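If you want the building blocks of each chain, they are given just below.
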Number of protein chains: 2
Amino acid sequence: MTIIEIIETKKQGQPLSEEMIQFFVNGYTQGIIPDYQISALLMAIYFQGMNDEESTFLALAMRDSGDVLDLSDIEGIKVDKHSTGGVGDKISFILGPMVAHFGLKLAKMSGRGLGHTGGTIDKLESIHGIQTELTEEVFKNQVRQHHLAIIGQSGEIAPADKKLYALRDVTATVNSMPLIASSIMSKKLASGADIIVLDVKVGDGAFMKTVEEARSLAKLMVEIGKLAHKKVIAVLTNMDEPLGYFIGNAHEIHEAVQTLLGKGPEDLNHIASTLVAHLLVQSDLYQDFDIAYDASRLVLQKGLAFPYLNRMIEDQHGDSEMLLTMPLYFSSHQVQLKSKQSGFIDRIEALKVGKAAMLLGAGRQTKEAIIDHYVGIELHKKVGDYVDKDDVLLTIYHQEKGLKEATKLLENAFVYTDHEKEVQSILDTIQ
Amino acid sequence: MTIIEIIETKKQGQPLSEEMIQFFVNGYTQGIIPDYQISALLMAIYFQGMNDEESTFLALAMRDSGDVLDLSDIEGIKVDKHSTGGVGDKISFILGPMVAHFGLKLAKMSGRGLGHTGGTIDKLESIHGIQTELTEEVFKNQVRQHHLAIIGQSGEIAPADKKLYALRDVTATVNSMPLIASSIMSKKLASGADIIVLDVKVGDGAFMKTVEEARSLAKLMVEIGKLAHKKVIAVLTNMDEPLGYFIGNAHEIHEAVQTLLGKGPEDLNHIASTLVAHLLVQSDLYQDFDIAYDASRLVLQKGLAFPYLNRMIEDQHGDSEMLLTMPLYFSSHQVQLKSKQSGFIDRIEALKVGKAAMLLGAGRQTKEAIIDHYVGIELHKKVGDYVDKDDVLLTIYHQEKGLKEATKLLENAFVYTDHEKEVQSILDTIQ
């Protein structure tokens with residue numbers, strides 16, 4: 001078998017065998033096969049696609065290129081959750097304590113943010129003292145005892161995916177469904193969970209711009225999960241506006257806590273409860289989705305899951321007092337943005353809001369950039385709301401940095417309409 | 001402009017602008033753009049194609065990456081001929097003296113052979129003393145005075161093509177029509193000729209396997225030529241068997257001489273006269289193709305062109321005596337191959353014959369291999385001939401090396417049929 005034969009096979013539209021896929025993934029990771037042959041292969045894959053089986057072989061080969069978390073020595077049902085990346089997405093901090101309350105185990109490894117979407121670990125680090133690097137044994141023990149831990153990626157998860165992604169990035173081969181799906185799944189399959197719920201964002205602030213695209217991606221990822229003997233459910237959620245009202249690191253922790261205390265906005269309540277309900281049904285804790293959903297809503301309403309977040313923060317040496325007092329830490333420089341017109345809000349372009357937050361210092365423009373955890377944006381209006389001219393649209397919490405550019409972006413983020421608009425935060429479910 | 005934008009443009013099926021093509025060709029040749037981005041672009045070109053204009057821009061950009069021969073200081077009409085590579089193809093040695101006889105000028109730079117097709121320069125070097133490296137001034141003077149010179153490529157002709165071809169070779173992107181056409185034309189457009197006749201081989205021993213493929217390639221090359229302000233004609237010729245009866249370096253020189261002396265086989269007479277007649281018509285020396293063709297046949301029949309070959313060999317310090325006595329130099333070890341069955345010969349697979357000659361030492365398996373100029377193959381039967389069992393099909397002139405393997409290939413090269421077959425050596429003409 002040679003790499004040229006493999007390229008030729010895909011070029012001619014034939015499926016690649018498991019051996020071929022392992023051959024090129026391993027050869028590339030080990031530096032035996034050069035970039036220029038892999039980039040030709042990636043472009044051939046872009047044009048000819050890959051079927052579900054090939055995508056699964058690719059995801060598994062990339063998973064096996066690095067460390068795979070073994071959770072088999074933790075009793076109970078291990079679940080995981082992944083989002084394709086949204087603006088204001090603090091769902092993990094809500095979903096984690098909820099599933100922990102129901103007795104499921106969430107041993108989550110998360111990344112840091114780059115560009116317009118924030119990273120789960122960055123948000124967590126707005127809490128003083130928090131440790132996001134734990135040894136595997138400490139991490140697992142915390143999950144065993146208290147059902148929940150969220151830490152940064154340790155070891156090397158799917159280095160093949162990392163190397164391939166870097167190559168795709170500079171060869172215009174990022175937007176290939178099978179490559180995107182197998183990239184995401186390679187990392188998720190390394191997480192050791194039995195059941196995985198995927199939150200696939202749709203809209204201008206997301207990677208998938210249309211419902212059709214998002215649905216194809218979701219179907220493929222669910223199929224890869226099944227072929228890899230995992231239970232996977234994908235929920236398509238709307239990114240026509242940021243999630244919730246708060247964007248920024250400390251800001252999002254604050255809103256997650258408020259939601260866990262029964263004071264969250266409807267989109268967060270609805271999406272978190274939907275994702276949790278799917279996990280409950282897949283875990284056979286509930287037979288009926290609607291009942292599981294109602295139970296989840298009740299958990300939020302009654303604040304039953306908050307203690308699990310509180311305990312996790314304490315387990316990881318964070319200052320849990322901050323969970324309830326976070327607004328005291330928000331940057332004291334504030335600017336309000338007022339509406340220049342009246343009308344119903346049709347969209348709040350998430351991409352622009354995310355970039356604005358990044359410019360303020362809440363996110364990273366480059367990998368090396370240092371984050372300010374306490375700058376952020378608080379929306380006062382959401383899609384569907386009616387505003388009069390000069391109504392306050394949002395508050396910017398800043399430290400001068402990037403304020404001018406961010407304000408400009410935010411001014412342009414609001415799109416108005418003259419009629420009422422129904423907001424639908426969940427667009428489809430694939431299982 | 002970035003290379004990623006260029007890849008993306010082609011990936012989406014949009015034509016590349018002249019600036020984009022120059023940008024990537026120059027950037028790649030200068031080592032600024034890395035292999036892995038160019039290979040992704042090449043694969044995108046494979047799938048999305050390039051229109052005539054893009055192909056021309058590419059050919060011209062590759063031509064301009066190196067030396068371009070300037071023949072403007074040679075009076076008269078300068079012509080050139082190119083073959084896409086056949087087995088037993090000694091047409092240049094016949095055509096060159098013929099056009100010289102008619103007063104046209106042929107200043108030909110040729111390559112060496114690799115694989116199953118022999119190189120023009122290798123064949124020439126079977127003549128003792130021949131010089132195939134001349135200074136540009138000596139080369140041009142010879143053409144001025146005696147109308148004809150054939151030398152090895154000096155300087156750097158189209159280094160961009162060389163670099164791109166090497167990359168295509170290892171990324172399964174060789175068989176793209178626009179890339180093949182622009183590669184050939186980049187070198188031909190560097191040759192300084194006004195009129196170019198292209199001999200596009202079709203069949204199992206050729207790069208183009210079907211008439212349809214060959215026609216597409218020919219049309220594209222003619223179009224590139226026109227857009228680059230050259231007169232270009234392409235003739236599609238049959239490669240269902242080797243050209244003529246002789247394969248090997250000295251062997252092919254011998255057969256070319258015999259043809260120039262009026263004793264050549266019909267396929268060589270016909271193809272050489274056809275190509276020459278096209279050059280005569282394009283040069284306005286003749287108005288009517290059929291008359292030009294008849295005049296060309298007469299030149300061969302009367303041996304009028306032979307002195308031009310003889311003079312060229314002398315100009316280039318070769319032992320011209322050898323032209324008439326070449327069989328004395330053929331390897332003295334000979335083996336005859338007999339037919340194992342009776343029937344009409346349907347095909348003599350040129351690829352196998354070419355490989356057999358290479359194995360005997362007449363060609364190079366690797367760039368570094370040393371050629372034996374005097375081993376070769378003489379066919380005694382051609383397609384359409386009827387043979388009885390045990391009739392001699394061919395003679396192998398060898399030095400033991402590769403004999404066994406070559407014999408096996410040659411035995412399998414003959415395909416029989418039970419009915420007569422009409423041989424058509426010219427399949428189409430594109431102008």
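Because the structure is a prediction, the values reported are computed rather than measured.

1. Points about a negative patch on the surface
Residue and element names in this part refer to chain A.
Point 1. Together, Glu18, Glu19, Asp52 and Glu53 make up a negatively charged patch on the protein surface.
Point 2. Of all the elements in the fold, those that place two or more residues in the negative patch are helix 2 (18-29) and helix 4 (52-63).
Point 3. On the basis of relative accessibility, which here comes to 34%, the residue Asp52 falls in the partly exposed class.

2. Details of the interface of chain B and chain A
Point 1. The interface is formed by 20 residues belonging to chain B together with 20 residues belonging to chain A.
Point 2. Together, the buried faces of chain B and chain A total about 1700 Å²; carbon and sulfur atoms form 71% of this surface.
Point 3. Three residues stand out in chain B for area buried against chain A, namely B:Lys11, B:Tyr36 and B:Phe47, and they jointly supply 35% of the buried area on that side.
Point 4. At the boundary of chain B and chain A, one finds zero salt bridges.
Point 5. The interface formed by chain B and chain A holds nine residue pairs in polar contact (both at pLDDT 80 or more) in total.

3. Side note on the domain arrangement of chain A
All names here are of chain A.
Point 1. Segmenting chain A into domains produces domain 1 (3-49), domain 2 (78-323) and domain 3 (330-417).
Point 2. Distance from the C-alpha centre of domain 1 to the C-alpha centre of domain 2: 32 Å.
Point 3. Residue-level contacts link 12 residues of domain 1 with 12 residues of domain 2.
Point 4. Buried area between domain 1 and domain 2, both sides added, is near 1100 Å², and the carbon and sulfur share of it is 80%.
Point 5. Of all residues in domain 1, the largest losses of buried area upon contact with domain 2 belong to Tyr28, Leu42 and Tyr46, amounting jointly to 50% of the total for that side.
Point 6. Joining domain 1 to domain 2, the criterion identifies zero salt bridges.
Point 7. Between domain 1 and domain 2 we count one residue pair in polar contact (both at pLDDT 80 or more) in total.
Point 8. Where the side of domain 1 that touches domain 2 is concerned, the elements lending two or more residues are helix 2 and helix 3 (35-48).
Point 9. No other element matches helix 3, which puts seven residues into the side of domain 1 that touches domain 2.
Point 10. In terms of residue class, the side of domain 1 that touches domain 2 is built from seven nonpolar, four polar and one charged.

4. Observations regarding the pairing of strand 11 (residues 392-398) of chain A
All names here are of chain A.
Point 1. Across the seven residues of strand 11, six count as buried, placing the element largely inside the fold.
Point 2. Examined bridge by bridge, strand 7 (residues 333-338) and strand 11 share six bridges and lie antiparallel to one another. Residue pairing in the sheet places Gln334 in a bridge with Tyr397 of strand 11.
Point 3. Bridge analysis of strand 9 (residues 376-379) against strand 11 gives four bridges, and the strand direction is antiparallel. Paired with Glu378 across the bridge in strand 11 is Thr395.

5. As for the environment of A:Phe93
Residues and elements named next belong to chain A.
Point 1. Structurally, the position occupied by Phe93 is in helix 5 (residues 91-101).
Point 2. Looking at Phe93, the relative accessible area reads 2%, which means it is buried.
Point 3. Setting aside anything within four residues of it in sequence, one finds Phe93 in contact with Thr120, Lys123, Leu124, Ile150, Ile253, Ala256, Leu260 and Leu309.

6. Examining the pattern of salt bridges
Residue and element names in this part refer to chain B.
Point 1. Tallied over the entire structure, the rule returns 46 salt bridges over all chains.
Point 2. Among the ionic pairs, Lys201 bridges to Asp89, the shortest N-O distance being 3.7 Å. In this pair, Lys201 is assigned in strand 4 (residues 195-202) and Asp89 in the loop between strand 1 (78-83) and helix 5 (91-101), connecting sequence segments 112 residues apart. Of the two residues, Lys201 and Asp89, neither departs from the other in class, the shared state being buried.

7. Comments concerning the sheet that holds strand 6 (residues 246-248) of chain A
Residue and element names in this part refer to chain A.
Point 1. The strand order 6-9-11-7 describes an open sheet built from four strands, whose pairing is antiparallel. Taken across any chain shown, the strands that pair with only one partner, and hence form the sheet edges, are strand 6 and strand 7. Neighbouring strand axes in the sheet, compared pairwise and without regard to direction, differ in orientation by 15° on average.
Point 2. With three bridges joining them, strand 6 and strand 9 adopt antiparallel strand pairing. Within the sheet, the bridge partner assigned to Gly248 lies in strand 9 and is Gly376.

8. Observations regarding the packing of helix 5 of chain B against helix 13 (residues 289-302) of chain B
When two helices pack together, their arrangement is given by the angle between the helix axes and the distance between those axes.
Residues and elements named next belong to chain B.
Point 1. It is the contact of helix 5 with helix 13, at a shortest axis distance of 11 Å, that shows an interaxial angle of 110°. Considering the angle they form, helix 5 stands roughly perpendicular to helix 13. Across from Ile94, Met98 and His101 in helix 5, the residues of helix 13 making contact are Ser296, Val299 and Leu300.

9. Observations concerning the environment of A:Leu58
Residues and elements named next belong to chain A.
Point 1. Along the polypeptide, Leu58 turns up in helix 4.
Point 2. It is 9.7 Å that separates the C-alpha atoms of Leu58 and Ala181, two residues lying 123 residues apart in sequence.
Point 3. Filtering out sequence-adjacent residues up to four positions away, Leu58 remains in contact with Ile21, Phe24, Val25, Met50, Leu179 and Ser182.

10. Looking at the packing of helix 5 of chain B against helix 11 (residues 249-260) of chain B
Residue and element names in this part refer to chain B.
Point 1. Contact geometry of helix 5 with helix 11 gives a least axis separation of 8 Å together with a crossing angle of 35°. Seen along the crossing, helix 5 lies across helix 11 with a hand that is right-handed. Facing helix 5, whose interface residues are Phe93, Ile94, Pro97 and Met98, helix 11 presents Ile253, Ala256, Thr259 and Leu260.
Point 2. Its residues assigned to classes, the contact of helix 5 with helix 11 shows seven nonpolar, one polar and no charged.

11. Observations regarding the relation of the copies chain B and chain A
Point 1. The two copies are related by a screw operation: chain B maps onto chain A through 179° of rotation and 0.1 Å of translation along the axis, at an RMSD of 0.1 Å. The relationship between the two copies is best expressed as a two-fold rotation axis. By C-alpha distance to the rotation axis, the residue of chain B lying nearest is B:Tyr36, at 1.8 Å.
Point 2. A symmetric contact is evident, with 100% of the interface residues of chain B recurring at the interface of chain A.

12. So, helix 4 (residues 52-63) of chain B
All names here are of chain B.
Point 1. Taking 1.5 Å per residue as the helical rise, helix 4 with its 12 residues ought to reach 16 Å, and the 16 Å between its terminal C-alpha atoms agrees with that figure.
Point 2. Buried within helix 4 are the following residues: Glu54, Ser55, Thr56, Phe57, Leu58, Ala59, Leu60, Ala61, Met62 and Arg63.
Point 3. Contacts made by the buried residues of helix 4 are with helix 1 (3-11), helix 2 (18-29), helix 8 (159-169), helix 9 (177-188) and helix 10 (211-227).
Point 4. By the N-cap criterion, in which a side-chain oxygen at the helix start approaches the backbone nitrogen of a residue two or three places on, helix 4 is capped by Asn51, the distance to Glu53 being 3.1 Å.

13. Description of the sheet that holds strand 10 (residues 386-387) of chain A
Residues and elements named next belong to chain A.
Point 1. Reading across from one edge, 10-8-12 is the order of the three strands in this open sheet, with antiparallel pairing throughout. Two strands close off the open sheet at either side, each with one partner strand: strand 10 and strand 12 (414-417).
Point 2. Here four bridges tie strand 8 (residues 343-348) to strand 12, and the two strands are oriented antiparallel to one another. In the strand pairing of strand 12, Phe344 is matched with Thr417.
Point 3. Strands strand 8 and strand 12 of the sheet are contacted by helix 17 (residues 403-413), whose axis makes an angle of about 20° with strand 12.

Reading the values: rules and limits
- Residues numbered from 1 in each chain as written.
- Chains lettered and ligands numbered in written order.
- Predicted model: local features only at pLDDT ≥ 70, side-chain atom pairs only at ≥ 80, totals over all residues.
- Heavy atoms only, no water.
- Patch = residues over 30% accessible without salt bridge, like charges linked within 9 Å, V, L, I, M, F, W, Y side chains within 5 Å.
- Areas by Shrake-Rupley, 256 points an atom, 1.4 Å probe, with all protein chains shown as cover.
- Salt bridge = Lys/Arg side-chain N within 4 Å of Asp/Glu carboxyl O.
- Lys, Arg positive; Asp, Glu negative; His and termini not counted.
- Charge placed at Lys NZ, Arg CZ, Asp CG, Glu CD.
- Helix = DSSP H or I, 4+ residues; strand = E, 2+ residues; numbered from the N terminus.
- Buried < 20%, exposed > 50% of the residue type's maximum accessible area, 1.4 Å probe, protein only.
- Contact = heavy atoms within 4.5 Å.
- Buried area = accessible area lost by both parts, 1.4 Å probe.
- Polar contact = N/O pair within 3.5 Å; in protein donor to acceptor, adjacent residues only side chain to side chain.
- Domains from an automatic or database assignment.
- Nonpolar A, V, L, I, M, F, W, Y, C, P; charged D, E, K, R; others polar.
- Pairing = 2+ DSSP bridges.
- Axes fitted to C-alpha atoms, helices over the stretch in contact; angles between N-to-C directions.
- Parallel < 35°, antiparallel > 145°, perpendicular 65-115°, else oblique.
- Left-handed = near helix turned anticlockwise from the far one by under 90°.
- Least-squares fit on C-alpha atoms with pLDDT ≥ 70 in both.
- Expected span 1.5 Å × (residues − 1).

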